[in-house]
Amino acid sequence: MRIVSLCFRWLCYLLLGGIALGALLMYLDALVFYPSFAYHFEFYHLYFVITLLLLPIFRLRHPYLFISDDQFVSLRQKALDQHHQDISSHHRGGRWGSNGVRVNPFEYTSPYTQSYDGATGLAYSLAKSFFMSLLFLLFAPLFYLGVFVYQRTKKDPLR
């Protein structure tokens, strides 16, 4: 099962890299779809194909560069969390009464805002992996150099 999962991820990374390569070639006017399909080969396109083949291997070895682990929090949720912190920090321990208390009626059902935080987090993760794949296609030697320097300084016993 692990091999199937690994092959599936490798194919997905290759597909995403192919989409990024297509976008890059369209930007360079080497790939045209309208009015008719045309591809103009240049010798430097071989560099992009080689980096496309190296992309899944690099992504499997260094997933932290491409995948976003951060949970995206909307501005509404940040404001509501700040409001809850302010209320809890200014509470003096007295008895709660209904006189002078203002209540948010939406908080009776849920302490969270009605927003698209989960969908936004997924879109952010996909956009980050797409743009990092595009940058990898352009600057693959710099990625390898950066990882080499990072690992070298991390294992250096003098530091």
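Here the structure is a predicted model, which is why all the values come from computation and not from measurement.

Conventions and cut-offs
Numbers given to residues run from 1 along each chain, matching the order in which its sequence is written. Per-residue local features of the predicted model are confined to residues with pLDDT of at least 70, and side-chain atom pairs are confined, for both listing and counting, to 80 or more; whole-chain, interface and lining totals are unaffected and use all residues. The basis for every side-chain value is the complete set of non-hydrogen atoms in the structure, without hydrogens or water. Strands here are runs of E lasting at least two residues and helices are runs of H or I lasting at least four, both read from the DSSP assignment and numbered beginning at the N terminus. Only the protein chains shown count as cover for residues, and all accessible areas are computed by the Shrake-Rupley method using a 1.4 Å probe. The classification of residues rests on relative accessible area computed with a 1.4 Å probe and restricted to protein chains. Under 20% of the type maximum is buried, over 50% is exposed, and intermediate values are partly exposed. Under this scheme, a helix contributes an axis fitted over its contacting stretch, all axes are lines through C-alpha atoms, and angles between N-to-C directions fall in the 0 to 180 degree range. By convention the crossing between two helices is left-handed if the near helix lies anticlockwise of the far one by an angle smaller than a right angle, and right-handed if it lies clockwise. Should any heavy atoms of two residues lie within 4.5 Å, those residues are counted as being in contact. Just so you know the grouping, Ala, Val, Leu, Ile, Met, Phe, Trp, Tyr, Cys and Pro go in nonpolar, Asp, Glu, Lys and Arg go in charged, and all remaining residues, Gly too, go in polar. A cavity, in this analysis, means grid points on a 1 Å lattice covering only the protein atoms where a 1.4 Å probe fits yet has no way out; a pocket is instead an open set bounded by protein on both sides within 12 Å along at least five of seven lines, and a residue lines either one if it has an atom within 4 Å of a point. Grid points are joined across faces, edges and corners, and a volume is the space filled by probe spheres set on the points. Here the expected span of a helix is defined as 1.5 Å times the quantity of residues minus one. In this analysis the local bend is the angle between axes fitted, respectively, to the seven residues ending at and the seven residues starting at the residue. Patches draw on residues past 30% relative accessible area with no salt bridge. Two like charges within 9 Å are joined, as are two nonpolar side chains (Val, Leu, Ile, Met, Phe, Trp, Tyr) within 5 Å. In the sections that follow, a salt bridge refers to a side-chain nitrogen of Lys or Arg positioned within 4 Å of a carboxyl oxygen of Asp or Glu. Classification of ring pairs rests on two measures: the distance between centres of Phe, Tyr or Trp rings, Trp counted by its six-membered ring, which must be within 6.5 Å, and the angle between planes, read as stacked under 30 degrees, edge-to-face over 60 and tilted in between. Take the buried Ala, Val, Leu, Ile, Met, Phe, Trp, Tyr and Cys residues and link them wherever side-chain atoms come within 4.5 Å; each set so joined is a nonpolar core.

Draft legend 1. Region of interest: the overall build of the protein chain. A count of helical and extended segments in the protein chain gives 4 helices and 2 strands. Counting helices and strands in the order they occur from the N terminus, the protein chain gives α-β-β-α-α-α. Carbon together with sulfur atoms contributes 66% to the accessible area of the protein chain, which is approximately 12,800 Å² in total.

Draft legend 2. Just unusual backbone geometry, in detail. Omega for the peptide link from Tyr-34 to Pro-35 comes to 5 degrees, which places this bond in the cis form. Take Pro-35: it is sitting in the loop between strand 1 (31-32) and strand 2 (38-39). In this structure, Asp-29 takes a positive phi of about 60 degrees despite not being glycine. Position of Asp-29 relative to the elements: it lies in the loop between helix 1 (2-27) and strand 1. Judged by its relative accessible area of 56%, Asp-29 is exposed.

Draft legend 3. Broad picture of the packing of helix 1 against helix 2 (residues 45-61). Where helix 1 contacts helix 2, the two axes come as close as 9 Å, and the packing angle between them is 145 degrees. Here the hand of the crossing between helix 1 and helix 2 comes out right-handed. Across from Leu-6, Arg-9, Trp-10, Tyr-13, Leu-14, Leu-16, Gly-17, Gly-18, Leu-21, Leu-24 and Leu-25 in helix 1, the residues of helix 2 making contact are His-45, Phe-48, Leu-52, Leu-55, Pro-56, Ile-57, Arg-59 and Leu-60. By residue class, the composition of the contact of helix 1 with helix 2 is 14 nonpolar, 3 polar and 2 charged.

Draft legend 4. Up close: the layout of surface pockets. Looking at the second largest pocket, its volume works out to about 170 Å³. Going through the elements one at a time, helix 1 and helix 4 (117-154) are the ones with two or more residues in the lining of the second largest pocket.

Draft legend 5. Fine view of helix 2. The end-to-end C-alpha separation of helix 2 is 25 Å, in line with the 24 Å expected for 17 residues at 1.5 Å each. At Leu-54, helix 2 is deflected by roughly 35 degrees, the largest bend along its length, and proline Pro-56 occurs up to four residues later in sequence. Listed in full, the buried residues belonging to helix 2 are His-45, Phe-48, Thr-51, Leu-52, Leu-55, Pro-56, Phe-58 and Arg-59.

Draft legend 6. Geometry of a nonpolar patch on the surface. Together, Met-26, Phe-33, Tyr-34, Phe-37, Tyr-39, Phe-41, Phe-43 and Leu-46 line one region of the surface with nonpolar side chains, adding up to about 1,000 Å² of accessible area. Tracing the backbone shows Tyr-39 in strand 2.

Draft legend 7. A look at the packing of aromatic side chains. One pass over the structure, following the stated rule, counts 12 aromatic pairs. Ring centres of Phe-130 and Phe-131 lie 5.4 Å apart, and the angle between their planes is 70 degrees; on these two criteria the pair is classed as edge-to-face. Connected via pairs of aromatic rings, a cluster forms that spans Phe-58, Phe-66, Phe-136, Phe-143 and Tyr-144.

Draft legend 8. Structural detail: helix 1. For helix 1, built from 26 residues, the straight-helix expectation of 38 Å at 1.5 Å per residue is met to within 8% by its first-to-last C-alpha distance of 37 Å. Of all the positions in helix 1, only Tyr-13, Gly-17, Ala-20, Leu-21, Gly-22, Leu-24 and Leu-25 are classed as buried. Phi turns positive one or two residues past the end of helix 1, at Asp-29, with a value near 60 degrees.

Draft legend 9. Main features of the nonpolar core. With 11 residues, the main nonpolar core is built from Ala-20, Leu-21, Leu-24, Leu-25, Ala-30, Leu-31, Phe-48, Leu-52, Phe-130, Leu-134 and Leu-137. Going through the elements one at a time, helix 1, helix 2 and helix 4 are the ones with two or more residues in this core. Looking at this core element by element, the count peaks at 4 residues for helix 1. Ignoring any residue separated from it by four or fewer positions in sequence, one finds Ala-20 in contact with Phe-130, Ser-133, Leu-134 and Leu-137.

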